[in-house]
Structure formats: C-alpha cells, structure tokens
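# Coordinates in review
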Amino acid sequence: MGKEELEEEAFKVTGIDSLSQLSKSQASDLIDDLSAKEDLVRLYG
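Residues numbered from 1 in each chain as written. Predicted model: local features only at pLDDT ≥ 70, side-chain atom pairs only at ≥ 80, totals over all residues. Heavy atoms only, no water.

## Overview of the overall build of the chain
- Helix and strand counts for the chain stand at two helices and zero strands.
- In terms of overall dimensions, the chain has C-alpha extents of about 30 × 20 × 15 Å along its principal axes.
- Of the accessible surface of the chain, which amounts to about 3,600 Å², a share of 52% is contributed by carbon and sulfur atoms.
- For the chain, the distance from the average site of its 5 positive side-chain charges to the average site of its 11 negative ones is 3 Å. (Helix = DSSP H or I, 4+ residues; strand = E, 2+ residues; numbered from the N terminus. Areas by Shrake-Rupley, 256 points an atom, 1.4 Å probe, with all protein chains shown as cover. Lys, Arg positive; Asp, Glu negative; His and termini not counted. Charge placed at Lys NZ, Arg CZ, Asp CG, Glu CD.)

## A few points about the pattern of salt bridges
- In the structure shown here, the tally under the stated rule is five salt bridges.
- For glutamate 7, the salt bridge is made with lysine 3, and the minimal N-O distance between the two is 3.9 Å. Of the two residues, glutamate 7 and lysine 3 are both situated in helix 1 (residues 3-14); the distance of four residues between them amounts to about one turn of the helix.
- A relative accessible area of 21% means that glutamate 7 is categorised as partly exposed.
- Notably, a salt bridge pairs arginine 42 with glutamate 38, separated by 2.4 Å at the nearest N-O pair. In this pair, arginine 42 and glutamate 38 both sit in helix 2 (residues 24-44), four residues apart, roughly one turn of the helix.
- Ionic contacts of the salt-bridge type, sharing partners, join the residues Glu9, Lys12 and Lys37 into one network. (Salt bridge = Lys/Arg side-chain N within 4 Å of Asp/Glu carboxyl O. Buried < 20%, exposed > 50% of the residue type's maximum accessible area, 1.4 Å probe, protein only.)

Encoded structure:
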C-alpha cells in the first residue's frame, strides 16, 4: 500500500487525510482497520 492509498484509508476511517495530523487514537483506529482488512485478505484471498 502506497502513501496515497494509506491516506485515502485514513480519511475513510478518521475523516483526516494527512497521516501527520492523526492523533494517537485515530492512528490506532486506522491500524485496527488495516489489520482487519489484512485478515480478510488472508481468509478470502
């Protein structure tokens, strides 16, 4: 995942598109979201 894709995902999850603007809580939410998506990819390919 490139920076642009990560920023797009951050915006979907937090409403903030700049990674440097995320709070610790928002960054944690983003990590949780990305982890869940990774788990889905492992399960379903």
